[in-house]
Amino acid sequence: MKETNVKRVYDYLDNAGIYYLATDENGQPRVRPFGTVLLFDGKIYILTAKSKNVSRQIDSNPKFEISAMLNNNEWIRISGNLVEDNRSEVQIEMLEKYPHLKNSYQVLNPNTNTLYMDNIKATVYSFDKKPEELE
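Predicted, not measured: the structure shown is a model, and the values here were computed from it. (Residues numbered from 1 in each chain as written. Predicted model: local features only at pLDDT ≥ 70, side-chain atom pairs only at ≥ 80, totals over all residues. Heavy atoms only, no water.)

Participant: Just checking my understanding: could you explain the overall build of the protein chain for this structure?
Facilitator: Along its length, the protein chain carries 3 helices and 8 strands. Across the protein chain, helices and strands are ordered from the amino to the carboxyl terminus as α-β-β-β-β-α-β-β-α-β-β. What you see for the protein chain is a C-alpha radius of gyration of 15 Å, in line with the 14 Å of a compact globule of 135 residues. With the C-alpha coordinates of the protein chain rotated into their principal frame, the extents come out at 45 × 35 × 25 Å. Looking at the protein chain as a whole, 40% of its 135 residues are labelled buried. For the protein chain, restricting intrachain contacts to residue pairs at least 6 apart in sequence, the fraction spanning at least 24 positions comes to 66%. Summing over all exposed atoms, the protein chain offers an accessible surface of approximately 7600 Å²; the carbon and sulfur share of this is 47%. Where the 17 positive side-chain charges of the protein chain centre and where its 19 negative ones centre are 3 Å apart. (Helix = DSSP H or I, 4+ residues; strand = E, 2+ residues; numbered from the N terminus. Rg over C-alpha atoms; globule rule 2.2 N^0.38 Å. Buried < 20%, exposed > 50% of the residue type's maximum accessible area, 1.4 Å probe, protein only. Contact = heavy atoms within 4.5 Å. Areas by Shrake-Rupley, 256 points an atom, 1.4 Å probe, with all protein chains shown as cover. Lys, Arg positive; Asp, Glu negative; His and termini not counted. Charge placed at Lys NZ, Arg CZ, Asp CG, Glu CD.)

If you want it as structure tokens, here you go:
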């Protein structure tokens, strides 16, 4: 994906605030709300805990899909793979952006899990426009 479109996807998620992450658990889709997103070194990162089911699901199958809506007329769907990257630099930036999570997550704690989106495909949909694929 072009760098400008990675930024657009990041901005979309950041502005939406809450997005819904879908993973797979033995063929059963699992969806839950997320609210962390970070653009670091040209990649979009999320944060979770290794103790959560979502981390185990991603370990078993890194494919994901995200859906987020900005208003009542426009939404985005994103798919790709989630790749673990638990470098301290990433975790520091994430926790600086979301300081309220510092009580639950600590830098380089074995339970803190930062992942970036790889092989991203994204489409912006609207009720009154044609879908726009971001490549």
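Participant: Help me understand the pairing of strand β5 (residues 63-69), please; the structure alone is not making it clear to me.
Facilitator: Side-chain positions along a regular strand alternate between the two faces of the sheet. Along β5, the buried face is formed by F64, I66 and A68; none of K63, E65, S67 and M69, which line the opposite face, is buried. The pairing of strand β1 (residues 19-25) with β5 spans 3 bridges and is classified as antiparallel. What sits directly across from Y20, in β5, is S67. In terms of strand pairing, β5 meets strand β6 (residues 74-84) through 7 bridges, oriented antiparallel. (Pairing = 2+ DSSP bridges.)

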